[in-house]
Amino acid sequence: PVADTPLKSIASTPVGACLQRHQLDDPAFAALLTRHYSQITAEWEMKMEYILQDDGRFRFDRPDAIADFARRHGLRLHGHALIWYSQVMPAFRALDGQGKRFADAYRNYILAVAGRYRGLAASWDVINEAVDDNGVDLRRSAWTDNLGVDEHMILAFHHAKEADPDAVLFINDYNLENNPTKRATFLRMVERLLKAGAPIGGIGTQSHLGLDFTPPGMCRIALRDLASLGLPIHVSELDISFGDKPETAPLPKLLSRQADLARELAQAYMDLPRAQRFAFTVWGVRDRDSWLRGANGERPWEHPLPLDDAGQPKPMFQALAE
Ligand code: XIL
């Protein structure tokens, strides 16, 4: 009965999707995006890898175009991501070990980027993926080596606050559903940072789920745990992988297991107190837009999103709508 109803008209919470600048040139893509979603995240063009060039200059053409699209269409803009261990650009590497110069460039970057979208971005992922895959340690990077493990995060939140006092500032990570140890480490870290005065306004759980590694029941427990600090929760990058091998089961069976997982996560999210429901975001619009298909479509068996290659609702869409 809910087939193809705009998701954003059903949900009593913002629903988001990510996009790349060039996709907006495709009218079918833009129509689906604005039909179903009320919030957008740049899939990569607001990351340091895009913005900070090797000579230290900033490049804002595509991030500006994305922000402008949001403004013109009345979509809420979620900024992603200021500081990420996996993107330390050459302009920063050149300052490695130089103490104050590194720290000044760090502050300058955050002020420039978060400041540029002040009043346009409702929120930012300030720190992305700080916890190691082993679930126990925090990752080491040029950020931690130059500024300190907790300190670089505390600084980043203060700088972002200075740049845009009204934006909700998130700490974002993945495998928080699938790995309870990582989740516990993440929550202890957030508590420590809050205690040290970091202006963290919300918790982002990427929710890159998989039929192979997300057992039923895990998402409900995870969201309850993550909400225990009282902060708003952003399901920030939902997609559901079918796994590493094609055709482990007939397609309808896979689609229905995927829908079950999505339903559990959405239900757990909607069961949070209203003040803790920041947004529910999927990582792509159509299946064929998903990063899980691979840069050259190496993984054609993946169907990770609510809308199929043609933009038609799948069982996962129905599950979210319900
Ligand atoms: C991914 C994008 O989807 C890709 O297009 C890009 O090449 C690499 O990054 N966690 C994140 C996202 O926080 O930024 C990542 O997005 C997916 C994992």
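Every value quoted in this text rests on a predicted model; they were computed, and no experiment measured them.

About the thresholds
- Residues numbered from 1 in each chain as written.
- Predicted model: local features only at pLDDT ≥ 70, side-chain atom pairs only at ≥ 80, totals over all residues.
- Heavy atoms only, no water.
- Helix = DSSP H or I, 4+ residues; strand = E, 2+ residues; numbered from the N terminus.
- Rg over C-alpha atoms; globule rule 2.2 N^0.38 Å.
- Buried < 20%, exposed > 50% of the residue type's maximum accessible area, 1.4 Å probe, protein only.
- Axes fitted to C-alpha atoms, helices over the stretch in contact; angles between N-to-C directions.
- Parallel < 35°, antiparallel > 145°, perpendicular 65-115°, else oblique.
- Contact = heavy atoms within 4.5 Å.
- Nonpolar A, V, L, I, M, F, W, Y, C, P; charged D, E, K, R; others polar.
- Phe/Tyr/Trp six-rings, centres within 6.5 Å; stacked < 30°, edge-to-face > 60°.
- Left-handed = near helix turned anticlockwise from the far one by under 90°.
- Near = heavy atom within 4 Å.
- Polar contact = N/O pair within 3.5 Å; in protein donor to acceptor, adjacent residues only side chain to side chain.
- Areas by Shrake-Rupley, 256 points an atom, 1.4 Å probe, with all protein chains shown as cover.
- 1 Å grid on protein atoms, 1.4 Å probe; cavity = no way out; pocket = protein on both sides within 12 Å on 5 of 7 lines; lining within 4 Å.
- Sits in = over half its atoms within 2 Å of the grid points.
- Salt bridge = Lys/Arg side-chain N within 4 Å of Asp/Glu carboxyl O.
- Expected span 1.5 Å × (residues − 1).
- Arc of directions from axis to C-beta.

**Some details on the overall build of the chain**
Piece 1. Within the chain, the regular secondary structure consists of 12 helices and 10 strands.
Piece 2. Computed over the C-alpha atoms, the radius of gyration of the chain is 19 Å, within 12% of the 20 Å expected from 2.2 N^0.38 for a compact globule of 322 residues.
Piece 3. Across its three principal directions, the C-alpha atoms of the chain cover 60 × 40 × 40 Å.
Piece 4. Every one of the 322 residues in the chain was classed for burial, and the buried ones make up 56%.

**Points about the packing of helix 9 (residues 180-195) against helix 10 (residues 218-226)**
Piece 1. Orientation of helix 9 relative to helix 10, taken along the N-to-C sense of each, is 10 degrees, at an axis distance of 11 Å. Taken as axis vectors, helix 9 and helix 10 run roughly parallel relative to one another. Here Pro180, Arg183, Phe186 and Leu187 of helix 9 come into contact with helix 10, specifically with Met218, Ile221, Ala222, Asp225 and Leu226.
Piece 2. Among the residues making up the contact of helix 9 with helix 10, the classes are represented as seven nonpolar, no polar and two charged.

**Focus on the packing of aromatic side chains**
Piece 1. Per the counting criterion, the structure on display carries 10 aromatic pairs.
Piece 2. Ring geometry for Tyr106 against Trp143: centres 5.6 Å apart, planes inclined by 50 degrees, an arrangement best described as tilted. Taken as a pair, Tyr106 in helix 6 (residues 100-116) and Trp143 in helix 7 (residues 142-147) lie far apart in primary sequence, 37 residues in all.
Piece 3. According to the relative accessible area criterion, Tyr106 is buried, its value standing at 1%.
Piece 4. Grouping aromatic residues by their ring pairs yields a cluster made of Phe58, Phe60, Tyr109 and Tyr117.

**Re the packing of helix 6 against helix 8 (residues 149-163)**
Piece 1. Packing of helix 6 against helix 8 leaves a shortest axis separation of 8 Å and a crossing angle of 40 degrees. Considering their axes alone, helix 6 and helix 8 lie oblique with respect to each other. Between helix 6 and helix 8 the crossing geometry is right-handed. Listed contacts from helix 8 to Tyr106, Arg107, Ile110, Leu111, Ala114 and Gly115 of helix 6 are His152, Met153, Leu155, Ala156, His159, Ala160, Glu162 and Ala163.
Piece 2. For the contact of helix 6 with helix 8, the per-class residue count stands at nine nonpolar, three polar and two charged.

**Here we look at the site of the ligand**
Piece 1. Lining the immediate environment of the ligand, one finds Glu43, Lys47, His80, Trp84, Asn128, Glu129, Gln206, His208, Glu237, Trp283 and Trp291.
Piece 2. Asn128 places a polar side-chain atom, nitrogen or oxygen, 2.9 Å from an oxygen atom of the ligand.
Piece 3. At a separation of 2.8 Å, an oxygen atom of the ligand approaches a polar side-chain atom of Glu237.
Piece 4. Surface burial for the ligand is 79%, taken as the share of its 410 Å² of free accessible area covered by protein chains.
Piece 5. The site holding the ligand turns out to be the second largest pocket.
Piece 6. Residue composition of the shell around the ligand, by class: three nonpolar, four polar and four charged.

**Some words on the pattern of salt bridges**
Piece 1. Throughout the structure, instances matching the rule amount to 24 salt bridges.
Piece 2. The shortest N-O distance in the salt bridge between Arg35 and Asp4 comes to 3.8 Å. Of the two residues, Arg35 sits in helix 2 (residues 27-36) while Asp4 sits in the segment before helix 1 (7-10), which places them 31 residues apart along the sequence.
Piece 3. Its salt-bridge partner being Arg72, residue Asp68 comes within 3.1 Å of it at the nearest N-O pair. Of this pair, Asp68 and Arg72 are both found in helix 4 (residues 61-73), four residues apart, which corresponds to roughly one turn of the helix.
Piece 4. One salt-bridge network, held together by shared partners, links Asp133, Arg139, Asp173 and Lys182.

**Details of helix 4**
Piece 1. Taking 1.5 Å per residue, 13 residues should reach 18 Å; helix 4 reaches 18 Å between its end C-alpha atoms and fits that length.
Piece 2. Of the positions making up helix 4, those classed as buried are Pro63, Ile66, Ala67, Phe69 and Ala70. One side of helix 4 holds all its buried residues, which, seen down the axis, span an arc of 150 degrees. For helix 4, the exposed residues lying more than 90 degrees away from the buried face are Arg71 and Arg72.
Piece 3. Contacts from the buried residues of helix 4 go to strand 1 (15-19), helix 2, strand 2 (39-42), helix 3 (48-51) and strand 3 (76-79).

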